[in-house]
Amino acid sequence: DTKILKVNPLSIIFSPDAHIDGSLPTITDPETEAALVEAARIIRDTDETVAFPTETVYGLGGSALNDNSVLSIYKAKNRPSDNPLITHVSSIDQLNRKVFNQPHLSGTSLFDNIPSIYRPLISSLWPGPLTILLPVPSSEHSALSKLTTADQPTFAVRIPANPVARALIALSDTPIAAPSANASTRPSPTLASHVYHDLKDKIPIILDGGACKVGVESTVVDGLCNPPMLLRPGGFTYEEIVKLGGEAWSLCKVENKKTVEKGEKVRTPGMKYRHYSPSAKVVLLVPHCEGDGILKGADRMERLKRLIETELKANRNIKKIAILTSLKLRDSDLQSKIFNEPDFSSKTFIIERLGQSGEEIQTNLFAALRKVDENDKVDLIFVEGINEEGEGLAVMNRLRKAAANNCIQF
Ligand code: TXA
Ligand code: MG
């Protein structure tokens with residue numbers, strides 16, 4: 001049985017330097033405090049896992065210092081164990097004490113374990129959706145489970161901004177390994193109900209802190225290679241990394257390998273697997289590059305109509321079709337040109353608005369994919385893509401994976 005415990009993020013108050021010095025939060029709501037204490041005990045004292053909200057997506061957490069807890073994470077998600085996990089800490093102080101086993105660091109030496117290339121980034125972006133790679137400390141100096149790193153020479157770490165996540169890590173005083181709390185290959189969860197759908201009866205507790213604000217996972221960067229690399233676009237944009245990272249990050253390259261050879265060791269192993277996939281087939285409509293003759297309203301509807309016809313010809317069982325729209329497909333055009341089209345009279349259409357800005361689209365993306373897939377149970381999903389600037393880079397990265405090879409210039 002999986003318990004869902006409500007928590008109120010607004011009742012958790014940290015001092016401004018808590019993410020550095022590790023001071024504990026004040027929790028004003030007794031129900032929130034009781035839930036956090038129970039969840040923290042599971043993390044600290046057992047081999048089990050807890051699902052909790054972060055600002056990006058819900059995470060499935062277990063002690064990063066305990067092999068059995070990490071195994072429980074892989075098992076609940078059904079995730080291949082060669083895909084490394086992010087270690088979440090609540091403060092630099094905790095990183096030093098619990099991962100590097102250096103309890104004596106203080107003052108300016110607090111940052112000794114973080115290479116200088118990362119310092120401008122973390123001083124602007126932590127706590128928040130930024131994950132950095134650090135060299136794995138030698139095992140005689142660290143209790144970090146080898147299972148979190150999947151044999152890489154580096155480990156991934158971040159300090160999340162969500163007060164529930166931070167409080168859970170701080171109260172358990174345990175670094176928490178946490179991938180997204182979805183079943184492997186499914187879209188990441190941005191609501192507690194998504195976690196329940198995928199993991200019910202597989203985990204003891206879900207902390208329900210409401211909807212995740214960012215909506216896509218953290219940005220993963222590697223500053224240990226030259227030039228530095230953006231390995232996974234996420235909650236902070238490439239433009240923000242370049243702007244806030246200082247000189248060295250102006251050269252930052254974006255990892256753009258789409259596939260890997262058999263047996264090849266990859267830097268971001270997440271890309272080896274099917275990912276973010278609804279059960280229904282997803283077709284991604286990729287916008288033309290600027291100046292490449294963007295389709296006008298009417299042409300676009302003609303094109304969409306032909307694409308739907310092609311899909312219907314290929315699969316006669318399609319009854320329900322979702323259209324996830326963002327900026328350019330207008331409700332009125334869809335209504336007159338698609339929904340009222342006589343050829344489609346036996347089909348049901350569902351339209352789901354992703355939002356107007358990149359930020360809105362990013363926040364709503366996974367929830368929209370899950371809604372049409374899990375609630376509406378459509379057979380086919382068309383998604384209108386956006387340009388790959390700002391939040392568009394992370395949005396299109398997730399959508400390309402959801403669509404596998406079904407990406408069509410539109
Ligand atoms: O926002 C997030 O990052 C969420 C929340 C829960 O914090 N977590 C998350 O974890 O997305 P996960 O496990 O789904 O994604 C971790 C990503 C994967 O792409 C993984 O391959 C990469 O980080 N990663 C982890 N350790 C790595 C390492 N040592 N080298 C390269 N990539 C690494
Ligand atoms: Mg994930």
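Cut-offs used in this document
- Residues numbered from 1 in each chain as written.
- Chains lettered and ligands numbered in written order.
- Predicted model: local features only at pLDDT ≥ 70, side-chain atom pairs only at ≥ 80, totals over all residues.
- Helix = DSSP H or I, 4+ residues; strand = E, 2+ residues; numbered from the N terminus.
- Rg over C-alpha atoms; globule rule 2.2 N^0.38 Å.
- Buried ≥ 20, exposed ≤ 12 C-beta atoms within 10 Å, placed from the backbone.
- Contact = placed C-beta atoms within 7 Å.
- Domains from an automatic or database assignment.
- Nonpolar A, V, L, I, M, F, W, Y, C, P; charged D, E, K, R; others polar.
- Pairing = 2+ DSSP bridges.
- Axes fitted to C-alpha atoms, helices over the stretch in contact; angles between N-to-C directions.
- Core = buried A, V, L, I, M, F, W, Y, C linked by C-beta atoms within 7 Å.

**Student:** Explanation requested: the overall build of the protein in the structure shown.
**Tutor:** Across its full length, the protein holds 12 helices and 18 strands. Relative to a compact globule of 410 residues, whose C-alpha radius of gyration would be 22 Å, the protein shows 22 Å and is just as compact. Each principal axis of the C-alpha distribution contributes one length, and for the protein these read about 75 × 50 × 40 Å. A total of 410 residues make up the protein; the buried ones form 47% of that total. Here the analysis covers contacts within the protein between residues at least 6 apart in sequence; of these, 72% occur between residues at least 24 apart.

**Student:** Mind showing me how you'd approach the domain arrangement of the protein here?
**Tutor:** Many descriptions give the size of an interface as the accessible area lost when the pieces come together. Structurally, the protein comprises domain 1 (3-272) and domain 2 (281-409). Relative placement of domain 1 and domain 2: their C-alpha centres are 32 Å apart. At the junction of the two partners, domain 1 supplies 15 residues and domain 2 supplies 16 residues. Where the side of domain 1 that touches domain 2 is concerned, the elements lending two or more residues are α7 (192-199) and α8 (238-244). Considering only residue class, the side of domain 1 that touches domain 2 consists of 6 nonpolar, 7 polar and 2 charged.

**Student:** What is the right way to look at the sheet that holds strand β9 (residues 176-177) in this model?
**Tutor:** Think of a sheet as strands paired side by side through backbone hydrogen bonds, with each pair either parallel or antiparallel. One open sheet holds the 11 strands; their spatial order is β1-β10-β4-β5-β9-β6-β8-β7-β11-β12-β13, and the pairing between them is mixed. The sheet is open, and its two edges are formed by β1 (3-6) and β13 (253-254), each paired on a single side. Of the pairings in the sheet, the one linking strand β4 (residues 50-53) to strand β10 (residues 205-208) comprises 2 bridges and is parallel in character. Bridge pairing links Ala51 to Ile206 in β10. Relative to β4, helix α6 (residues 163-172) is tilted by about 140°, and along the sheet it contacts β4, β6 (86-88), β9 and β10. Along the sheet face, α7 touches β1, β4, β5 (58-63) and β10 and points at about 165° away from the line of β10.

**Student:** Would you explain the environment of Ala39 in this entry?
**Tutor:** Inspection of the secondary structure assignment puts Ala39 in helix α2 (residues 30-45). Judged by C-beta crowding, with 27 C-beta atoms within 10 Å, Ala39 ranks as buried. Sequence spacing of Ala39 and Val254 is 215 residues, and the spatial spacing of their C-alpha atoms is 37 Å. The residues touching Ala39, leaving out its near neighbours within four places in the chain, are Val50, Phe52, Leu168, Ile205 and Leu207.

**Student:** I would appreciate a short explanation of the nonpolar core in the present structure.
**Tutor:** Nonpolar side chains in soluble globular proteins generally cluster together in the buried interior. Ranked by size, the top nonpolar core spans 106 residues in total, and within it Leu36, Ala39, Ala51, Phe52, Leu168, Leu207 and Ile381 carry the most contacts. Split by domain, this core shows at least three residues from each of two domains, domain 1 (3-272) and domain 2 (281-409). Each residue touching Leu36, except ones within four places of it in the same chain, is listed here: Val7, Ile27, Ala167, Leu168 and Leu171.

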